[in-house]
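If you want the building blocks of each chain, they are given just below.
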Amino acid sequence: MLIKRAGFMWHRRHVDWGRRRLVGLHEEGKGEEVNFADQSGIYWLCNANHECVYIGQAGKGESVCLYDRLQAHLDDHLFCFWERFTWFGFYSPEQLSKG
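Residues numbered from 1 in each chain as written. Predicted model: local features only at pLDDT ≥ 70, side-chain atom pairs only at ≥ 80, totals over all residues. Heavy atoms only, no water.

Draft legend 1. Structural context of the overall build of the protein. Broken down by element type, the protein carries 2 helices and 6 strands. If you list the helices and strands of the protein from N to C, you get β-β-β-β-β-α-β-α. Its C-alpha radius of gyration of 13 Å places the protein within 12% of the 13 Å reference for a compact globule of 99 residues. For the C-alpha atoms alone, the extent of the protein along its principal axes is close to 35 × 30 × 30 Å. Per-residue burial for the protein yields a buried fraction of 36% across its 99 residues. Considering only intrachain contacts with a sequence separation of at least 6, the fraction spanning at least 24 residues in the protein is 62%. Accessible surface computed for the protein: about 6100 Å², of which carbon and sulfur atoms make up 51%. (Helix = DSSP H or I, 4+ residues; strand = E, 2+ residues; numbered from the N terminus. Rg over C-alpha atoms; globule rule 2.2 N^0.38 Å. Buried < 20%, exposed > 50% of the residue type's maximum accessible area, 1.4 Å probe, protein only. Contact = heavy atoms within 4.5 Å. Areas by Shrake-Rupley, 256 points an atom, 1.4 Å probe, with all protein chains shown as cover.)

Draft legend 2. Focus on the side chain of Arg 12. Mapping Arg 12 onto the fold places it in the loop between strand 1 (5-11) and strand 2 (23-27). Among buried Asp, Glu, Lys and Arg side chains, Arg 12 stands out as unpaired, with Glu 83 the closest opposite charge at 6.8 Å. Apart from residues lying up to four places away in sequence, Arg 12 is in contact with Trp 17, Leu 74, Phe 79, Trp 82, Glu 83 and Phe 85. (Lys, Arg positive; Asp, Glu negative; His and termini not counted. Salt bridge = Lys/Arg side-chain N within 4 Å of Asp/Glu carboxyl O.)

Draft legend 3. Quick look at the pattern of salt bridges. Taken as a whole, this structure holds 4 salt bridges when the rule is applied. Close ionic contact of Arg 20 with Asp 38 constitutes a salt bridge, the shortest N to O distance being 2.9 Å. Remark: Asp 38 occurs in the loop between strand 3 (30-35) and strand 4 (41-46) and Arg 20 occurs in the loop between strand 1 and strand 2; sequence separation between them is 18 residues. Notably, a salt bridge pairs Glu 33 with Arg 21, separated by 3.8 Å at the nearest N-O pair.

Draft legend 4. Unusual backbone geometry, seen in detail. Its identity is not glycine, yet Met 9 carries a phi of approximately 55 degrees, on the positive side. Tracing the backbone shows Met 9 in strand 1. In this structure, Arg 20 takes a positive phi of about 55 degrees despite not being glycine.

Draft legend 5. Broad picture of the side chain of Asn 47. By secondary structure assignment, the location of Asn 47 is in the loop between strand 4 and strand 5 (52-58). For Asn 47, a relative accessible area of 15% gives the class buried. Separated by 2.9 Å, the side chain of Asn 47 and the backbone nitrogen of Asn 49 make a polar contact. (Polar contact = N/O pair within 3.5 Å; in protein donor to acceptor, adjacent residues only side chain to side chain.)

Draft legend 6. Region of the structure containing the packing of aromatic side chains. Under the defined criterion, the tally for this structure stands at 9 aromatic pairs. Ring geometry for Trp 17 against Tyr 67: centres 5.5 Å apart, planes inclined by 40 degrees, an arrangement best described as tilted. With Trp 17 in the loop between strand 1 and strand 2 and Tyr 67 in helix 1 (residues 66-72), the pair connects residues that are 50 residues apart, well separated along the chain. Judged by its relative accessible area of 2%, Tyr 67 is buried. Three or more aromatic residues link up through ring pairs in this structure, and these residues are Trp 10, Phe 36, Trp 82, Phe 85 and Trp 87. Here the guanidinium or amino end of Arg 12 rests over the ring plane of Trp 82, the centre of that ring lying 4.8 Å away. Just above the ring of Tyr 91 sits the side chain of Lys 60; from NZ or CZ to the centre is 4.9 Å. (Phe/Tyr/Trp six-rings, centres within 6.5 Å; stacked < 30°, edge-to-face > 60°. Lys NZ or Arg CZ within 6 Å of the ring centre and 35° of its normal.)

The following block contains the structure:
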């Protein structure tokens, strides 16, 4: 299966921008916390009304993973248009922890 994990309607204020952490649970409502910052996949940015304002792609490597792409949108022309994001990732938590 191509999609290994997903996060739905995460609020950008819950991202730890200072420590490069995009934390969720291993499975919904249970398990250990997982840092999904290095996740690859697709994502979309949503406004306060939960309407999609942008769809993007995150890759693996420097400056292109999910965290880096979201952080870039804090300083670009989309900054004032989004507050939540949804993502679908290609890597399992186990794969992310191995690097």
